[in-house]
Amino acid sequence: MSVKLKSKLLSWVKKLLYIILAIAIMSVAVNMFLAPHNIAAGGFTGLAIILEELLGIDRALSLLAGNAAIIVITLIFLGKEIFFNTVIGAALLPFVIGIIPHVNLVADTMLSMITGSVLFGIAVSILYSNKASSGGTSIPPLIFKKYFNLNTSVGLFVTDGVVVFLNLLVFSVDSFFYAIASIFITSAAMTYIESGLNKKKLVYIISEMHEKISADIMHEVGRGVTLVPVIGAYSRNNMKMLMVTLDSKSCRKITAIVNKYDEKAFMITDTVSDVYGKGFTYESGSV
């Protein structure tokens, strides 16, 4: 087996394990936290809970039928890669939903709703990060993202609106508002995971010792440094500013290096969510 083929196989196995993990988390969220309290917070899972209440159809069967239709839409609008990943998730979800015990772990409805919603958001984010989904209404947000550049958390919030409204007709006013709150929490969890967990630090340093500071940063921290010419507005002096992008763990090392050479150096540290390029979105020793 060639190295390239082996690497591709390992990557596929890793992705499959992530998809299985996400489906398991999602199933736990539905069967143990949301469904026991009649909280149908959008999606095919929410619709399945409603159909189970109205018609007595097992939620796993409803999911299976709905996902069979949605994977066709996936192939048309999102391409083969997401289609194959969706087939895996769409087939697994009804199966795992069927085998995960239908139990009420938390008696308090509010606490159960919050826990279930956070778990659901984590599961969907894992799927999206692997270009996969569980089928259902998690597919339209991916379509909105591809064709309209709409954030997936916003897209999920929009597509779940109809299912949430059905809570009002099938269950109660309480279930309706719990479902709305659940969507907000799920959306917030997704937004935090998609942007919050990948935050980096952007550091600006102005010092007369910029050459020694930059040399140590590159050697000891292993990050590239950008040298930017700047002019002081008051003094009109020409100066050099260092710009460094790095992870949060390395930020203290930068501070120690700067203090070693120039305790009076001007230093600004900012937090950024999205960083693209060498050393971040693909492998490299520096930026």
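Residues numbered from 1 in each chain as written. Predicted model: local features only at pLDDT ≥ 70, side-chain atom pairs only at ≥ 80, totals over all residues. Heavy atoms only, no water.

Draft legend 1. Layout of unusual backbone geometry. In the Ramachandran plot, Asn38 falls in the positive-phi region, its phi being about 55 degrees despite a non-glycine side chain. Mapped onto the elements of the fold, Asn38 is located in the loop between α1 (3-34) and α2 (43-55). Relative accessible area serves as the criterion here: at 31%, Asn38 is assigned to the partly exposed category. Residues other than glycine seldom take positive phi values, yet Arg236 does so here, at roughly 65 degrees. Summarising the element assignment, Arg236 is placed in the loop between β2 (226-231) and β3 (238-246). According to the relative accessible area criterion, Arg236 is exposed, its value standing at 57%. (Helix = DSSP H or I, 4+ residues; strand = E, 2+ residues; numbered from the N terminus. Buried < 20%, exposed > 50% of the residue type's maximum accessible area, 1.4 Å probe, protein only.)

Draft legend 2. Structural view of the packing of α1 against helix α3 (residues 59-99). Two elements in contact, α1 and α3, have axes whose closest approach is 13 Å; the angle formed by their N-to-C orientations is 140 degrees. It follows that α1 is oblique to α3 by the angle criterion. Classified by chirality, the crossing of α3 by α1 is right-handed. Across from Trp12, Lys15, Leu16, Ile19, Ile20, Ile23, Ala24, Met26, Ser27, Val30 and Asn31 in α1, the residues of α3 making contact are Arg59, Glu81, Asn85, Ile88, Gly89, Leu92, Leu93, Val96 and Ile97. Taken together, the residues that form the contact of α1 with α3 break down as 13 nonpolar, 4 polar and 3 charged. (Axes fitted to C-alpha atoms, helices over the stretch in contact; angles between N-to-C directions. Parallel < 35°, antiparallel > 145°, perpendicular 65-115°, else oblique. Left-handed = near helix turned anticlockwise from the far one by under 90°. Contact = heavy atoms within 4.5 Å. Nonpolar A, V, L, I, M, F, W, Y, C, P; charged D, E, K, R; others polar.)

Draft legend 3. Summary view of the sheet that holds β3. Spatial ordering of the open sheet is given by β2-β3-β1-β4, a layout of 4 strands whose pairing is antiparallel. Looking at which strands have only one partner, the edges of the open sheet turn out to be β2 and β4 (266-272). Averaged over all neighbouring strand pairs, the angle between strand axes comes to 25 degrees, with direction disregarded. Sitting on the sheet, helix α9 (residues 210-221) is in contact with β1 (200-206), β2 and β3, with an inclination near 15 degrees to β3. (Pairing = 2+ DSSP bridges.)

Draft legend 4. Just the nonpolar core, in detail. Ranked by size, the top nonpolar core spans 40 residues in total, and within it Met26 and Leu127 carry the most contacts. Broken down by secondary-structure element, the contributors of at least two residues to this core are α1, α2, α3, α4 (109-129) and α5 (139-148). By residue number, the principal contributor to this core is α3, which donates 11 residues. Sequence-distant contacts of Met26, defined by excluding residues within four places in its chain, comprise Leu93, Phe120, Ala123, Val124, Leu127 and Ser134. Ranked by size, the runner-up nonpolar core spans 13 residues in total, among them Val203, Ile205, Val221 and Cys251. (Core = buried A, V, L, I, M, F, W, Y, C linked by side-chain atoms within 4.5 Å.)

Draft legend 5. Just the packing of aromatic side chains, in detail. A complete count under the given rule lists 3 aromatic pairs for this structure. Consider the rings of Phe77 and Tyr147, whose centres lie 6.4 Å apart with planes at 90 degrees: the pair is edge-to-face. With a gap of 70 residues between them, Phe77 in helix α3 and Tyr147 in helix α5 connect regions that are remote in the sequence. For Tyr147, a relative accessible area of 45% translates into the label partly exposed. (Phe/Tyr/Trp six-rings, centres within 6.5 Å; stacked < 30°, edge-to-face > 60°.)

Draft legend 6. Summary view of the pattern of salt bridges. Taken as a whole, this structure holds 3 salt bridges when the rule is applied. For Arg59, the salt bridge identified is with Glu52, shortest N-O distance 2.8 Å. On the basis of relative accessible area, Arg59 is assigned to the buried category, the value being 8%. Exposure remark for Glu52: the relative accessible area of 23% places this residue in the partly exposed category. The shortest N-O distance in the salt bridge between Lys260 and Glu220 comes to 3.8 Å. Of this pair, Lys260 sits in helix α10 (residues 251-261) while Glu220 sits in helix α9, and the two are 40 residues apart along the sequence. Assessed through its relative accessible area of 44%, Glu220 is described here as partly exposed. (Salt bridge = Lys/Arg side-chain N within 4 Å of Asp/Glu carboxyl O.)

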